[in-house]
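# Structural overview
Single-letter residue listing:
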Amino acid sequence: MKKTLDEIDRRILAALQRDASAPLAALAEEVGLSPSPCWRRIQRMKDMGVLSRNVWELDPHSVNLSLTVFVAIRAREHNAAWLEEFRTACRAIPEIVEIHRLAGDVDYLLKVMAPDISAFDAIYKRLTEKIALASVTSMISMEAMHVRHGLPLDYCVDLEA
């Protein structure tokens, strides 16, 4: 069964992506509802799994994580046991903030946040000591030219329930 998100739902989602800490009354006014129906819509979208959590975004520089490194990995093996070992090793390193499995020449792409290159080197060594990899290529981000924190909402008309 599909559930539809209407224009008001999408306005609520857009507003929450901008500032999830906004008071309910202000959010409701922004989207043209009273607080109770706005709250019910938010609860429905939570129940649907559209809204998964409320978090505060930290400025990486203010918490001494000014270095971003993307690490391209080619797997030594391609089986479920190796994948689980790799996933476990990566999750045990908190500086690895994203793990993506890819199609193409590279099997995995990691996003690593660290204070500096020597800290990244220690992270790199921890990872390569925990699991055998076929190849590793590290790419240091010089500048984040564009970071979008909200998702585009033009595609969320019909969602699987």
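Criteria and cut-off values
Along each chain, residues carry numbers from 1 onward, in the same order as the chain's sequence is written. Local features in this predicted model are restricted to residues of pLDDT 70 or higher, and side-chain atom pairs are both shown and tallied only at a pLDDT of 80 or more, whereas totals for entire chains, interfaces and linings draw on every residue. Heavy atoms throughout the structure, all of them, feed into the side-chain values; hydrogens and water do not. Counting from the N terminus, the helices are the DSSP runs of H or I reaching at least four residues and the strands are the DSSP runs of E reaching at least two. In this scheme, a helix's expected span is set at 1.5 Å multiplied by one less than its residue total. The buried label goes to any residue with under 20% of its type's maximum accessible area, the exposed label to any with over 50%, and the partly exposed label to all in between, with areas taken from a 1.4 Å probe on protein chains only. Directions from the helix axis toward the C-beta atoms define the arc. For this analysis, residues touch if any pair of their heavy atoms sits within 4.5 Å. Under the rule applied, a polar contact is a pair of N or O atoms within 3.5 Å (in protein, one hydrogen donor and one hydrogen acceptor; residues adjacent in sequence only if both atoms are side-chain atoms). The aromatic pairing rule takes the rings of Phe, Tyr and Trp, using the six-membered ring of Trp, and pairs them if the centres are within 6.5 Å, calling planes under 30 degrees apart stacked, those over 60 edge-to-face and the rest tilted.

### Focus: helix H5 (residues 117–130)
Between the first and last C-alpha of H5 there are 20 Å, a value that for 14 residues agrees with the 20 Å anticipated at 1.5 Å per step. Every buried residue of H5 is listed here: Ala119, Phe120, Ile123 and Leu127. Projected down its long axis, H5 carries its buried residues within an arc of 100°, all on one side. Of the exposed residues in H5, those oriented more than 90 degrees away from the buried face are Ile117, Ser118 and Glu129. Structurally, H5 contributes buried residues whose contacts are with strand S2 (67–75), helix H4 (80–91), strand S4 (108–114) and strand S5 (133–140).

### Digging into the side chain of Asp9
Along the chain, Asp9 falls in helix H1 (residues 7–18). There is a polar contact of 2.8 Å between the side chain of Asp9 and the side chain of Arg41. Every residue in contact with Asp9, bar those within four places of it in the chain, is listed here: Thr4, Arg41, Arg44 and Met45.

### Details of the packing of aromatic side chains
All chains considered together, the criterion is met by 4 aromatic pairs. Between Phe120 and Tyr124 the ring centres are 6.4 Å apart and the planes differ by 50°, which places this aromatic pair in the tilted class. You can see Phe120 and its partner Tyr124 sitting in helix H5, 4 residues apart, about one turn around the helix. Accessibility expressed as a relative area gives 8% for Phe120, which makes it buried. Overall, the relative accessible area of 32% leaves Tyr124 in the partly exposed class. The rings of Trp82, Phe86 and Tyr108 are connected pair by pair, giving a single aromatic cluster.

### Comments concerning H1
Along its 12 residues, H1 runs 17 Å from first to last C-alpha, staying within 8% of the 16 Å computed at 1.5 Å per residue. For H1, the set of buried residues is Asp9, Arg10, Ile12, Leu13, Ala15 and Leu16. Between the side-chain oxygen of the N-cap and the backbone nitrogen of Ile8 there are 3.1 Å, and the N-cap of H1 in question is Asp6.

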